Amino acid sequence: MVALPDNIWHFADALCENALPVVQQYFRAVDLQVEQKADVSPVTLADQAIERRWRELIAETYPDHGIIGEEEGATGADRDFVWVLDPIDGTRAFIGGFPMFTNLFALLHQGRPVFSGIHVPVTQECWLGTVANGGRTTFNGETLGERPARPLAQSLLSATAPDMFNAEQFERFSNLRDGCMDLRYGADAYAYGLVALGSVGVVAEASMKPWDFMALIPVIEGAGGKVTDWSGQPLTLESDGTVLAAANPELHREALALLQV
């Protein structure tokens, strides 16, 4: 297993701290300006400013690392260590004044995510996780312990929105929904932090990009959960955009079986 870079946990705290003043400047600002990217998704000055600052910090602290960012593309993506950045995941929520958007960052080693963070700036919540050295996930600085395992029929399912699925995917998602206790839309990446806590059992989504999902993997798997695509394969930079995350491997097996119908 790869050794994590020196001071990586403290560096993650610095990433969160540097995102916070940008969020405070732009969140619910009456003069917030919104632009549309080529794929028609929205972007704000906050997205751009956070990523720019993160890139500066990475270059100063780990100059031999590459970076793949949602807003500014890839630099050194062929290096052993590569950061994948989503400065504001849930930009639509951010624009609307909803508080559950997140700052996401992940460190990949030879294409595999080994360390990551999910930071919720409005609520000051932060999950940090690693799959190195047996795995570990913290929530607000405290290591998460083992959580009670619930069957799928007693578990909450979450997804960002129904329009992220095509017709065939939504049919499969609906089959999974019928096997769960309840469904909640609209939490974006926040839902994956709740999977690490065990309060949400399963998240199933599609149309995801690497900066959307890479940060979710070490956080959840470091806490004993499992994250794959809908065919049960590990997520990579070339994955098809489907994501299935569960609070434990057994729950993942149950959910994966229903997605195959």
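Please read all numbers here as calculations on a predicted model, not as lab measurements.

A look at the nonpolar core
One finds Trp127, Leu176, Tyr192, Val202 and Leu244 to be the most contacted residues of the largest nonpolar core, which totals 54 residues. Counting 34 residues, the second-largest nonpolar core is a separate cluster that includes Leu4, Val22, Val23 and Leu85.

Concerning helix 1 (residues 8-26)
Taking 1.5 Å as the rise per residue, helix 1 with 19 residues should run 27 Å; its terminal C-alpha atoms sit 28 Å apart, in good agreement. A positive backbone phi angle near 60 degrees is found at Arg28, which sits one or two residues after helix 1.

Let's talk about the layout of surface pockets
The space that makes up the largest pocket amounts to roughly 810 Å³. Looking at the lining of the largest pocket, its residues break down into 14 nonpolar, six polar and eleven charged. In this structure, the second largest pocket spans a volume of roughly 180 Å³. Residue lining of the second largest pocket: Gly111, Arg112, Pro113, Val131, Ile217, Glu221, Lys226, Val227, Thr228, Pro234, Leu235 and Thr236, and that is the complete set. Elements with a contribution of two residues or more to the lining of the second largest pocket: strand 7 (112-120), helix 7 (216-222) and strand 14 (226-228). With three residues, the top contributor of residues to the lining of the second largest pocket is strand 14. Its residues placed into classes, the lining of the second largest pocket shows six nonpolar, three polar and three charged.

Regarding the state of the cysteines
Taken as a whole and assessed by the stated rule, the structure comprises zero disulfides. Of all cysteine sulfurs, the one in Cys126 lies closest to Cys16, which takes part in no disulfide; the gap is 3.7 Å. Take Cys16: its relative accessible area is 8%, and that puts it in the buried class.

Quick word on the packing of helix 1 against helix 2 (residues 45-61)
Two numbers describe how helix 1 lies on helix 2: the axes approach to 9 Å, and their chain directions differ by 155 degrees. Compared by their axis directions, helix 1 and helix 2 come out roughly antiparallel. As for how helix 1 packs across helix 2, the hand of that crossing is right-handed. Two secondary-structure elements touch here, helix 1 through Phe11, Ala14, Leu15, Asn18, Ala19, Val22, Val23 and Tyr26 and helix 2 through Leu45, Ala46, Ala49, Ile50, Arg53, Trp54, Leu57, Ile58 and Thr61. In terms of residue class, the contact of helix 1 with helix 2 is made up of 14 nonpolar, two polar and one charged.

Section: the environment of Phe81
Structurally, Phe81 can be placed in strand 5 (residues 81-89). Look at Phe81 and you get buried, because its relative accessible area is 16%. Taking the C-alpha atoms as reference points, Phe81 and His109, 28 residues apart in sequence, are found 4.7 Å from one another. If we ignore the near neighbours within four places in the chain, the residues touching Phe81 are Val2, Ala3, Pro5, His65, Gly66, Leu107, Leu108 and His109.

A word on the sheet that holds strand 4 (residues 73-75)
Taken in spatial order, the eight strands make up an open sheet running 4-3-5-6-7-8-9-10, and their pairing is mixed. The sheet is open, and its two edges are formed by strand 4 and strand 10 (142-143), each paired on a single side. Pairing of strand 3 (residues 66-69) with strand 5 involves four bridges; the strand directions are parallel. Note on strand 5: the bridge partner recorded for Gly69 is Leu85.

Regarding the pairing of strand 7
With eight of nine residues buried, strand 7 lies mostly within the body of the structure. Across seven bridges, the pairing between strand 6 (residues 102-109) and strand 7 is antiparallel. Paired with His109 across the strands is Arg112, a residue of strand 7. Between strand 6 and strand 7, which pair antiparallel one after the other, the connecting turn spans two residues, and Gln110 there sits at a positive phi close to 50 degrees. Linkage of strand 7 to strand 8 (residues 125-130), two consecutive antiparallel strands, is achieved through a turn of four residues, within which Gln124 is found at a positive phi near 60 degrees.

Some details on the environment of Thr102
Among the structural elements, Thr102 can be located in strand 6. Distance in space between the C-alpha atoms of Thr102 and Leu194 is 13 Å, their sequence separation being 92 residues. Apart from the residues lying within four places of it in its own chain, the contact partners of Thr102 are Asp86, Pro87, Ile88, Asp89, Ile118, His119, Val120, Pro121, Ala189 and Tyr190.

Here is what the cut-offs are and how they apply
- Residues numbered from 1 in each chain as written.
- Predicted model: local features only at pLDDT ≥ 70, side-chain atom pairs only at ≥ 80, totals over all residues.
- Heavy atoms only, no water.
- Core = buried A, V, L, I, M, F, W, Y, C linked by side-chain atoms within 4.5 Å.
- Buried < 20%, exposed > 50% of the residue type's maximum accessible area, 1.4 Å probe, protein only.
- Helix = DSSP H or I, 4+ residues; strand = E, 2+ residues; numbered from the N terminus.
- Expected span 1.5 Å × (residues − 1).
- 1 Å grid on protein atoms, 1.4 Å probe; cavity = no way out; pocket = protein on both sides within 12 Å on 5 of 7 lines; lining within 4 Å.
- Points joined across faces, edges and corners; volume = space filled by probe spheres on them.
- Nonpolar A, V, L, I, M, F, W, Y, C, P; charged D, E, K, R; others polar.
- Disulfide = S-S within 2.5 Å.
- Axes fitted to C-alpha atoms, helices over the stretch in contact; angles between N-to-C directions.
- Parallel < 35°, antiparallel > 145°, perpendicular 65-115°, else oblique.
- Left-handed = near helix turned anticlockwise from the far one by under 90°.
- Contact = heavy atoms within 4.5 Å.
- Pairing = 2+ DSSP bridges.

In short, shape yes, function no, at least from these values alone.
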